[in-house]
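Okay, here's what each chain looks like letter by letter:
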Amino acid sequence: MNTFFNCKETWLHKTNPSLKLIILLCLFVFAITIHQLHFMILFTLVIALLFLFGTGYSYKHIFLLLIPFLFIFLSTSTSMILFGKGETTLFKWAYVHITKESLIRGIHIGCRALSFAMLSLTFALTTQPVKLFYSLMQQLKLSPKYAYTFMAAIRLIPIMIEELQTIRNAQKVRGVQGQRNLFKRMNILMIPLLSQSIRRAHRIAVAMEAKRFDASKKRTFFYEIGFSKFDIFFASYFLIMFTVAYLFSIHFHISRYRC
Amino acid sequence: MSKRLKLTDILVTIVISIGFGIIYKIWGPLYYAVKPLGLHIDQLIYGMWFMAATVAFLIIRKPGVALLAEIAASSGEFLMGSEFGLEVLLYGVVQGLFAEIVLMAFRYKRFDLFVISLAAISACAGSFILDFYKGYVGDLSTWNLILFIAFRLIGSIVFTGVFAVSITKTLEATGVTKLVRPSSKKDYEALNR
């Protein structure tokens, strides 16, 4: 993702990738335990702040990336708003039954989906996959066998997309008609793509084994990744912001709407 | 005949998952197009998300492959900046684990449609558990919830079970599976003949 657009490096790029990942996972679990609507909205705002101003991308690109988010918000919340359980009826038409409870809950899970999406996009935009795997090897002791194969596989993605295009073109040239059957249509794309990818993966793996990429004892690394002041900065941003948000919601007694 | 995962197995598993990831991206718009209707028609194709696990297992036939495939598929999606983001990673781990448990229960020795369908159902159950925590799915009204569960279950059996088995059969015909599958007892006997 981060190779698509040019951006300037911010402090988020310099944070340790493993730490970033762990904090994100913690936030994910934390968000699931939030049951007050107002705190959920504040939570989303804290993350939106980081996403909008912290990633170092131009606003044009940020807004471009924001468009699908609106769609996520709508699609996640609508089915809960329209069909959720509840007592206080606001609107009723055929099977559609909007209640106060379902409306609140719908907005709540919409916010949740939105904040998760922004969190992970912030991560994806500010982390280089290679640095992430080097960091996982060094800080979290991930076996190099897995880390290097993941890195090799990431490099294969563009090749595979190109190959899919080639397969489609080849089929067009040979006059393969568009199948109406979903499974047949998937089959004629999937079989060539998978078989070619397996062959290529096998060749690469043999080469990697020959070069001892699977050896794990006493490795040295090209990129040495450690910790810096930015890591403290990153952790304290969430700590301080959430404390403020929590105090704010307590102070104004706005935790009435529970989900 | 080693049962441990070699580098080759890992790379092939990951590449298969990424192959599926690319196919998912093509089908993504379809998922979006039907989602906002609220009638859960999208759940019918939800089963595709577990497919990487069973296909990879059927091709490589070693312990741990189903779990690894799901993790790889989800982290690939995550690193490419999927809108579903980090939750994909958690879903991947849980779904892979649930599929793996079923395959483990049969000691990784059965590769027929029945066991694979069971694994599909199990992975589907795993995704439900997370949905109940995350999306308050249990609070949908009853008819809507039943529709939701039924559609997802049907979808996962069709895609992760039936379709995965049929795809592997076709792949076997192309001969690529011979590259990666551990040599069986029959192969050794053929050598001694």
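Calculation rules
Along every chain, residues carry numbers that run from 1 in the direction the sequence is written. Chains carry letters from A onward and ligands carry numbers from 1 onward, assigned in written order. At least 70 in pLDDT is required for a residue's local features to be given in this predicted model, at least 80 for side-chain atom pairs to be given and counted, and no such filter applies to totals for whole chains, interfaces and linings, which use all residues. Water and hydrogen atoms were dropped before computing side-chain values, which therefore reflect all heavy atoms in the structure. UniProt positions are given in the numbering used here, feature names are shortened, and annotations may be inferred rather than shown by experiment. Elements are defined by DSSP. Helices are runs of H or I of four residues or more, strands are runs of E of two residues or more, and each kind is numbered from the N terminus. Type-normalised accessible area, obtained with a 1.4 Å probe on protein chains alone, sets the label of each residue: buried when under 20%, exposed when over 50%, and partly exposed for intermediate values. Surface exposure here means Shrake-Rupley accessible area, sampled with a 1.4 Å probe, where a residue is shielded only by the protein chains that are shown. By convention a nonpolar core is built from buried Ala, Val, Leu, Ile, Met, Phe, Trp, Tyr and Cys residues, the set being connected through side-chain atoms within 4.5 Å. Residue ranges for the domains originate in an automatic or database domain assignment. Throughout, a contact is declared for two residues whenever any of their heavy atoms are within 4.5 Å. Interaxial angles span 0 to 180 degrees and are taken between N-to-C directions of axes, which are lines fitted to C-alpha atoms, for helices over the stretch in contact. Comment on the angle field: the value is read as roughly parallel under 35 degrees, roughly antiparallel over 145, roughly perpendicular from 65 to 115, and oblique elsewhere. A crossing counts as left-handed when the near helix is turned anticlockwise from the far one by less than a right angle, and as right-handed when that turn is clockwise. As a working rule, the residues Ala, Val, Leu, Ile, Met, Phe, Trp, Tyr, Cys and Pro are called nonpolar, Asp, Glu, Lys and Arg charged, and the rest polar, with Gly in that last group. What a helix is expected to span follows from its residue count: subtract one and scale by 1.5 Å. We count a salt bridge whenever a side-chain nitrogen from Lys or Arg sits within 4 Å of a carboxyl oxygen from Asp or Glu. N or O atoms closer than or at 3.5 Å make up a polar contact, with two conditions inside protein: a donor-capable atom paired with an acceptor-capable one, and, for residues adjacent in sequence, both atoms drawn from side chains. The term buried area means the drop in 1.4 Å probe accessible area that two parts suffer when joined, counted for both and summed.

The name an unreviewed UniProt entry assigns to chain B is Thiamine ABC transporter permease, from the organism Fictibacillus phosphorivorans.

Looking up chain A in an unreviewed UniProt entry gives the name ABC transporter permease, with the organism given as Fictibacillus phosphorivorans. Here chain A is described in UniProt, under the heading Subcellular location (unreviewed entry), as follows: "Membrane".

Moving on to the overall build of chain A. Check the secondary structure of chain A and you find nine helices and two strands. The 259 residues of chain A split such that 46% are buried. If you sum the accessible surface of chain A, you get close to 14400 Å²; carbon and sulfur atoms cover 66% of it.

We now examine the nonpolar core. Core analysis: the biggest nonpolar cluster contains 122 residues, and Phe238 of chain A together with Ile167 of chain B have the highest contact counts within it. Of the domains in this structure, domain 1 (11-130 + 227-251) and domain 2 (144-210) of chain A are the two that each give at least three residues to this core. Not counting chain neighbours up to four residues away, the residues in contact with Phe238 of chain A comprise Ile23, Leu27, Ile47, Leu50 and Leu119 of chain A. One finds Met80, Phe83 and Ile109 of chain A together with Leu145 of chain B within the second-largest nonpolar core, a separate group that totals five residues.

What follows covers the packing of helix H4 (residues 59-83) of chain A against helix H5 (residues 100-126) of chain A. Residue and element names in this part refer to chain A. For the pair H4 and H5, interaxial distance at closest approach is 8 Å and the crossing angle is 150°. Classified by the interaxial angle, the pair formed by H4 and H5 is roughly antiparallel. In terms of crossing hand, the pair formed by H4 and H5 is right-handed. Of the residues belonging to the contact of H4 with H5, the class tally is 16 nonpolar, five polar and one charged.

The next point concerns H4 of chain A. Under the 1.5 Å per step criterion, the end-to-end length of H4 of chain A is 37 Å for 25 residues, consistent within 8% with the ideal 36 Å. When H4 of chain A is considered as a whole, its buried residues turn out to be His61, Ile62, Leu65, Phe69, Ile72, Ser75, Thr76, Ser77, Ser79, Met80, Ile81 and Phe83 of chain A.

What follows covers the pattern of salt bridges. Pairs may arise between side chains of opposite charge once their charged atoms sit close together. Residue and element names in this part refer to chain B. Taken as a whole and assessed by the stated rule, the structure comprises seven salt bridges over all chains. Taking the shortest distance from any N to any O, the salt bridge between Glu172 and Arg61 comes out at 3.9 Å. With Glu172 in helix H6 (residues 142-174) and Arg61 in the loop between helix H2 (51-60) and helix H3 (65-79), this pair connects stretches of sequence that are 111 residues apart. Glu172 sits in the partly exposed class, given a relative accessible area of 32%. Residue class for Arg61 comes out partly exposed when judged on its relative accessible area of 22%. For Arg181, the salt bridge goes to Glu172, with nearest N and O atoms at 2.8 Å.

As a further point, take the side chain of Gln171 of chain A. Residue and element names in this part refer to chain A. Mapping Gln171 onto the fold places it in helix H7 (residues 144-173). Under the relative-accessibility criterion, Gln171 is labelled buried at 17%. A distance of 2.8 Å separates a polar side-chain atom of Gln171 from the backbone oxygen of Ile188. Setting aside chain neighbours within four positions, we find Gln171 in contact with Val176, Ile188, Leu189 and Pro192.

This paragraph deals with the packing of helix H2 (residues 17-32) of chain A against helix H9 (residues 229-251) of chain A. All names here are of chain A. Packing of H2 against H9 leaves a shortest axis separation of 10 Å and a crossing angle of 15°. Comparing their axes, H9 and H2 come out roughly parallel. The two elements H2 and H9 cross, and the hand of that crossing is right-handed. Of H9, the residues touching H2 (which contributes Leu19, Lys20, Ile23, Leu24, Leu27 and Phe30) are Asp231, Phe234, Ala235, Phe238 and Phe242. Split into classes, the residues belonging to the contact of H2 with H9 amount to nine nonpolar, no polar and two charged.

Next up on the list: the interface of chain A and chain B. Across the boundary between the two partners, chain A contributes 67 residues, which contact 60 residues of chain B. Its largest share of buried area at the contact with chain B, chain A owes to Phe83, Leu194 and Ile198 of chain A, together 11% of the area lost on that side. Our count for the contact surface shared by chain A and chain B stands at zero salt bridges. Inspection of the region where chain A meets chain B yields three residue pairs in polar contact (both at pLDDT 80 or more). Where the side of chain A that touches chain B is concerned, the elements lending two or more residues are H2, H4, H5, helix H6 (129-139), H7 and helix H8 (182-210) of chain A. With 19 residues, the single largest contributor to the side of chain A that touches chain B is H8 of chain A. For the side of chain A that touches chain B, a count of residues per class yields 46 nonpolar, 12 polar and nine charged.

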